[in-house]
Amino acid sequence: ELLPEGAGPSVGMPVVPLFSQLGREPFAAVLEAMEVRTHPAKQSVVVEGEPGASMFALVEGTLEVVRHFQDGTRRKVGELAEGAFFGELALISEGPRLASVVAAVPVVLLEFTRAKLAELVRRHPVVGQVVQAFYRERMVENLLR
Ligand code: CMP
């Protein structure tokens with residue numbers, strides 16, 4: 001019901017390449033746990049400093065990651081392309097969002113609330129492993145930059 005008309009596994013695969021590794025049942029559970037959201041260009045999806053209780057996957061469009069620095073400037077620290085996850089840091093730490101994530105163009109996202117994600121990972125631990133693998137990769141990328 002949450003997916004657009006005609007959506008099926010073929011939607012999920014280009015969307016979040018990592019999920020394409022999942023078997024049919026965990027993949028179906030992922031589809032069930034998520035909600036589709038759209039944002040117009042320039043709108044913030046998450047705002048630095050605010051509490052956050054969900055994470056997202058980018059289906060369509062491009063997002064900019066922007067944050068404040070100690071010297072008082074606010075700068076772009078990265079871009080998120082289709083298939084990227086974000087918003088996990090506040091979700092996991094239960095602290096504030098560490099950056100703002102802003103739509104560079106109109107975007108389509110999938111949102112997973114903490115409750116839905118916890119339930120999903122409890123039932124299908126492989127989903128948690130997939131998400132963790134993604135973050136490890138980004139952490140390594142950040143270290144190498
Ligand atoms: P969160 O802190 O919940 O909200 C902002 C999100 O931006 C953050 O989770 C990460 O998912 C994402 N992000 C990507 N790159 C960075 C970065 N360099 N610093 C902080 N957050 C980043």
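These figures come from a predicted structure and were not determined experimentally. (Residues numbered from 1 in each chain as written. Predicted model: local features only at pLDDT ≥ 70, side-chain atom pairs only at ≥ 80, totals over all residues. Heavy atoms only, no water.)

It is not clear to me how the side chain of Glu88 should be interpreted in this structure. Could you clarify?
Position of Glu88 among the secondary structure elements: in helix α3 (residues 88-93). Overall, the relative accessible area of 6% leaves Glu88 in the buried class. (Helix = DSSP H or I, 4+ residues; strand = E, 2+ residues; numbered from the N terminus. Buried < 20%, exposed > 50% of the residue type's maximum accessible area, 1.4 Å probe, protein only.)

What should I look at first to understand the packing of aromatic side chains in this one?
This structure, assessed with the given rule, holds 1 aromatic pair. Ring geometry for Phe56 and Phe86: centres 5.1 Å apart, planes at 15 degrees, overall stacked. Here Phe86 lies in strand β6 (residues 85-86) and Phe56 lies in strand β3 (residues 54-60), a separation of 30 residues in the sequence. Here Phe56 and Phe86 have matching classes, each one buried. (Phe/Tyr/Trp six-rings, centres within 6.5 Å; stacked < 30°, edge-to-face > 60°.)

Where do I start with the site of the ligand in this structure?
Taken together, the neighbourhood of the ligand is formed by 13 residues, with Gly87, Glu88, Ala90, Arg97 and Leu98 sitting nearest. Protein chains shield 89% of the accessible area of the ligand, which is 450 Å² for the free molecule. The dominant element in the shell around the ligand, judged by the number of residues it contributes, is α3, at 3 residues. A per-class count over the shell around the ligand returns 9 nonpolar, 1 polar and 3 charged. (Near = heavy atom within 4 Å. Areas by Shrake-Rupley, 256 points an atom, 1.4 Å probe, with all protein chains shown as cover. Nonpolar A, V, L, I, M, F, W, Y, C, P; charged D, E, K, R; others polar.)

How should the environment of His39 be read in this particular structure?
Among the secondary structure elements, His39 is positioned in strand β1 (residues 35-39). Discounting residues that sit within four places of it in the chain, His39 has contacts with Ser44, Val45, Ala103, Val105, Pro106, Val107 and Leu109. Reaching out from His39, the side chain makes a polar contact with the side chain of Gln43 at a distance of 2.6 Å. (Contact = heavy atoms within 4.5 Å. Polar contact = N/O pair within 3.5 Å; in protein donor to acceptor, adjacent residues only side chain to side chain.)

It is not clear to me how the sheet that holds strand β8 (residues 107-113) should be interpreted in this structure. Could you clarify?
Each strand in a sheet pairs with another by means of backbone hydrogen bonds, the pair being arranged parallel or else antiparallel. The strand order across the open sheet formed by 4 strands is β1-β8-β3-β6, and the pairing between neighbours is antiparallel. Bordering the open sheet on either side are β1 and β6, each of which pairs with just one other strand. Here β3 runs beside β6; their pairing, made up of 2 bridges, is antiparallel. In the sheet register, Phe56 faces β6, and the bridge partner there is Phe86. (Pairing = 2+ DSSP bridges.)

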